[in-house]
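Residues per chain, in single letters:
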Amino acid sequence: ILPATAKIIKPKKCRYCDKEFFPARPMQIACSPLCAVGLAREKSDKAARLAAAKERRETKAAIQLIKPRSQWLKEAQAAFNRYIRIRDVGGKCICCDKPLPLDAVGGAYDCGHYRSVGSAPHLRFDERNAHGQLKQCNRWGSGRAVDYRLGLIRKIGLEEVESLEADQTTKKWTVDELKALIAHYKAKIKGKKESAL
């Protein structure tokens, strides 16, 4: 019979292997030295993973600071083009009126510009100037400008087409404007995807 002052030792669960054990010390959390070593390794690995994640975040932030304007322009164009492809998914090619594939992302069709980015860079982010276009029409058909114009007149009207054709303004986007465009089109893409669900 135990004296009244004696404490009854309750079993604990090992934090490493989940087996029950009777601790030899009050703060013991592992059932054996092997499990204690395993716990120490897990703690060390977790600290290393957190440090690596922090370093990746800091590197990414540093890269964002030194990224040239041309890279921001490229990313903004990619976000815009992706939005146009998602916007026009399931529609028809602006040139040949053939159905566009239902896969907007795997490069199934292009975001074709009526007035090209090279000849009218100020219209590169104008949604009236960009539409879903089959690759054979855009890349191999040299854009099929006449057919594109006819399709554009059907889609947005002659007045809007003539407005695009007459627009000779110049525009040079700042890095902040490009960042805003990227955020804007990523949000629009997200909205389109959520409404499709």
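Residues numbered from 1 in each chain as written. Predicted model: local features only at pLDDT ≥ 70, side-chain atom pairs only at ≥ 80, totals over all residues. Heavy atoms only, no water.

**Q** Explain the environment of Cys 93 here, please?
**A** By secondary structure assignment, the location of Cys 93 is in the loop between α2 (69-87) and β3 (110-113). You can call Cys 93 buried: its relative accessible area is 1%. Considered as a pair, Cys 93 and Asp 147 are 54 residues apart in the sequence and their alpha carbons are 10 Å apart. Residue contacts for Cys 93: discarding those within four places in its chain leaves Lys 98, Leu 100, Gly 132, Gln 133, Leu 134 and Cys 137. (Helix = DSSP H or I, 4+ residues; strand = E, 2+ residues; numbered from the N terminus. Buried < 20%, exposed > 50% of the residue type's maximum accessible area, 1.4 Å probe, protein only. Contact = heavy atoms within 4.5 Å.)

**Q** Looking at this structure, how should I read the nonpolar core?
**A** Generally speaking, a soluble globular protein has its nonpolar side chains buried in company with each other. Ranked by internal contacts, the top residues of the largest apolar core, which has 17 residues, are Ala 76, Phe 80, Ile 84, Phe 125, Leu 178, Leu 181 and Tyr 185. For this core, the elements supplying multiple residues, two or more each, are α2 and α6 (175-196). Ranked by residues supplied to this core, first place goes to α2 with eight residues. Leave out the neighbours within four places in its chain, and Phe 125 touches Leu 73, Ala 76, Gln 77, Phe 80, Trp 173, Leu 178, Leu 181 and Tyr 185. Grouped together as the second largest cluster of nonpolar side chains are 14 residues, Cys 93, Leu 100, Tyr 114 and Ala 120 included. (Core = buried A, V, L, I, M, F, W, Y, C linked by side-chain atoms within 4.5 Å.)

**Q** Help me understand the packing of aromatic side chains, please; the structure alone is not making it clear to me.
**A** This model, assessed by the stated rule, comprises five aromatic pairs. Judged by centre distance (5.5 Å) and plane angle (35°), the rings of Tyr 114 and Tyr 148 are tilted. Residue Tyr 114 is located in the loop between β3 and β4 (130-133), and its partner Tyr 148 is located in helix α4 (residues 145-156); the two are separated by 34 residues in the primary sequence. No difference in accessibility class separates Tyr 114 from Tyr 148, as the two residues are buried. In this structure an aromatic cluster arises from ring pairing among Phe 80, Tyr 83, Phe 125, Trp 173 and Tyr 185. Above the face of the Trp 72 ring, Lys 67 is positioned so that its terminal group lies 3.9 Å from the ring centre. (Phe/Tyr/Trp six-rings, centres within 6.5 Å; stacked < 30°, edge-to-face > 60°. Lys NZ or Arg CZ within 6 Å of the ring centre and 35° of its normal.)

**Q** Looking at this structure, I do not really get the pattern of salt bridges. What am I missing?
**A** It is possible for side chains of opposite charge to pair when their charged atoms get near one another. Evaluated as defined, the whole model comprises eleven salt bridges. Taking the shortest distance from any N to any O, the salt bridge between Asp 147 and Arg 144 comes out at 2.7 Å. What emerges from the salt-bridge pattern is a single network uniting Arg 87, Asp 88 and Lys 155. (Salt bridge = Lys/Arg side-chain N within 4 Å of Asp/Glu carboxyl O.)

**Q** Honestly, the side chain of Asp 110 in this entry has me stumped. Any pointers?
**A** Relative to the elements of secondary structure, Asp 110 occurs in strand β3. Its relative accessible area of 7% is what places Asp 110 among the buried residues. In this structure the side chain of Asp 110 is engaged in a polar contact, spanning 3.1 Å, whose partner is the side chain of Lys 135. (Polar contact = N/O pair within 3.5 Å; in protein donor to acceptor, adjacent residues only side chain to side chain.)

By themselves, these observations are geometric and do not establish any function.
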